[in-house]
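# Overview (structure and organization)
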Amino acid sequence: EADIYQTPRYLVIGTGKKITLECSQTMGHDKMYWYQQDPGMELHLIHYSYGVNSTEKGDLSSESTVSRIRTEHFPLTLESARPSHTSQYLCASSAPTGTGTQYFGPGTRLLVL
Amino acid sequence: QKEVEQNSGPLSVPEGAIASLNCTYSDRGSQSFFWYRQYSGKSPELIMSIYSNGDKEDGRFTAQLNKASQYVSLLIRDSQPSDSATYLCAANKAAGNKLTFGGGTRVLVKP
């Protein structure tokens, strides 16, 4: 089982602010993912990374950006938060070998006022 | 058509009964399949994975895979109120480890 952490767990912020959601894992997984999920709705992949300096956009277009400078760290940034960004953001990682099982962090609930 | 399809439910099951969840996928290149459980407001947690045709059992859970029919199912035996959650089916594309998730099936176990 992967140890994957997300901070903050909850964030209430005003429109126009820059925010960074942190995600880190201690299992040495090379692959990491960001999902967005509204309450009662589907998971949508917004970003993923297959290793250091590798980032790709997911299936759902997002105004957020990501970086992958260290294997264990995959932060997500919103330069100017808007109410439409209100959602739950879930980070996941998977091991370099095997079947690709993804392990999820606890999530960050974001509310933009 | 979605790549991974699930009935959204809710699937209402009496306590102690068997809950049967279904999932179909469209990409024949899919190789690995996963069932996740997600409680309201929480993140998904892996229940089990299955890669070969047939059944795989883990405690009260049994996953079934039929690649010819492009069908995956999950049986929950002796359902408990604590099993009330949304169950997500996911498939792993052959090209890499990016998972494609279904919309989830909400299960309600009534005492």
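We now turn to the structure provided with this report. (Residues numbered from 1 in each chain as written. Chains lettered and ligands numbered in written order. Predicted model: local features only at pLDDT ≥ 70, side-chain atom pairs only at ≥ 80, totals over all residues. Heavy atoms only, no water.)

Residues and elements named next belong to chain A. A cluster of nonpolar side chains, namely Val12, Leu111 and Leu113, defines an oily patch on the protein surface of about 290 Å² accessible area. By the secondary structure assignment, Leu111 is in strand β11 (residues 108–112). Judged by its relative accessible area of 36%, Leu111 falls in the partly exposed class. (Patch = residues over 30% accessible without salt bridge, like charges linked within 9 Å, V, L, I, M, F, W, Y side chains within 5 Å. Areas by Shrake-Rupley, 256 points an atom, 1.4 Å probe, with all protein chains shown as cover. Salt bridge = Lys/Arg side-chain N within 4 Å of Asp/Glu carboxyl O. Helix = DSSP H or I, 4+ residues; strand = E, 2+ residues; numbered from the N terminus. Buried < 20%, exposed > 50% of the residue type's maximum accessible area, 1.4 Å probe, protein only.)

Below, the discussion takes up the interface of chain B and chain A. The interface is formed by 19 residues belonging to chain B together with 23 residues belonging to chain A. Inspection of the chain B/chain A interface yields 1 salt bridge. Between A:Asp59 and B:Lys98 there is a salt bridge, with its nearest N and O atoms 3.7 Å apart. Linking chain B with chain A are 3 residue pairs in polar contact (both at pLDDT 80 or more). Considering every element that reaches the side of chain B that touches chain A, the biggest residue donor is strand β4 (residues 32–38) of chain B, with 4 residues. A per-class count over the side of chain B that touches chain A returns 8 nonpolar, 8 polar and 3 charged. (Contact = heavy atoms within 4.5 Å. Polar contact = N/O pair within 3.5 Å; in protein donor to acceptor, adjacent residues only side chain to side chain. Nonpolar A, V, L, I, M, F, W, Y, C, P; charged D, E, K, R; others polar.)

What follows is about the packing of aromatic side chains. The tally for this structure, following the rule as stated, stands at 8 aromatic pairs over all chains. Between the aromatic rings of A:Phe104 and B:Phe101, the centroid separation amounts to 6.1 Å while the plane-to-plane angle is 70 degrees, which identifies the pairing as edge-to-face. On the criterion of chain membership, the pair formed by A:Phe104 in strand β10 (residues 102–104) and B:Phe101 in strand β10 (residues 99–101) is interchain, its members lying in two chains. Residue A:Phe104 shares its accessibility class with B:Phe101, and that shared class is buried. Residue placement shows A:Arg68 over the ring face of A:Phe74; its charged tip is 5.8 Å from the ring centre. (Phe/Tyr/Trp six-rings, centres within 6.5 Å; stacked < 30°, edge-to-face > 60°. Lys NZ or Arg CZ within 6 Å of the ring centre and 35° of its normal.)

Residue and element names in this part refer to chain B. With antiparallel pairing, 5 strands are arranged side by side in an open sheet as β1-β3-β8-β7-β6. Where the open sheet ends on each side, the last strands, each with one partner, are β1 (4–6) and β6 (54–58). Taking the axes of each pair of neighbouring strands and ignoring which way they run, one obtains an average angle of 20 degrees across the sheet. Pairing of strand β3 (residues 19–25) with strand β8 (residues 71–76) involves 6 bridges; the strand directions are antiparallel. Pairing of Leu21 across the sheet is with Leu74, part of β8. (Pairing = 2+ DSSP bridges. Axes fitted to C-alpha atoms, helices over the stretch in contact; angles between N-to-C directions.)

Quick look at the environment of A:Thr86 now. All names here are of chain A. For Thr86, the position within the fold is in the loop between β8 (76–78) and β9 (87–94). On the basis of relative accessible area, Thr86 is assigned to the partly exposed category, the value being 28%. The sequence separation of Thr86 and His73 amounts to 13 residues, and the corresponding C-alpha distance is 23 Å. Ignoring sequence-local partners within four residues, the contact set of Thr86 consists of Asp38, Leu110, Leu111 and Val112. Among the polar contacts listed, one links the side chain of Thr86 to the backbone oxygen of Pro83, at a separation of 3.0 Å.

Moving on, we get to the sheet that holds β8(A). All names here are of chain A. Ordered by their spatial adjacency, 4 strands build an open sheet running β1-β3-β8-β7, and the pairing between neighbours is antiparallel. The sheet terminates laterally at β1 (4–7) and β7 (65–66), the two strands that pair on one side only. Both β7 and β8 contribute to a ladder of 2 bridges, which runs antiparallel. Looking across to β8, one finds that Thr65 is bridged to Thr77.

We now examine the state of the cysteines. Within the structure shown, the criterion is met by 2 disulfides over all chains. In this model A:Cys23 forms its disulfide with A:Cys91; the gap between the sulfur atoms is 1.9 Å. Between A:Cys23 and A:Cys91, the S-S torsion sits near -75 degrees, and that sign places the bridge as left-handed. Here A:Cys91 lies in strand β9 and A:Cys23 lies in strand β3 (residues 19–25), a separation of 68 residues in the sequence. A single burial state applies to A:Cys23 and to A:Cys91, both of which are buried. A sulfur-sulfur distance of 2.1 Å marks the disulfide that ties B:Cys23 to B:Cys89. The chirality of the disulfide connecting B:Cys23 with B:Cys89 is left-handed, given an S-S dihedral of about -75 degrees. One end of the pair, B:Cys23, is in strand β3; the other, B:Cys89, is in strand β9 (residues 85–92), and 66 residues separate them in sequence. (Disulfide = S-S within 2.5 Å.)

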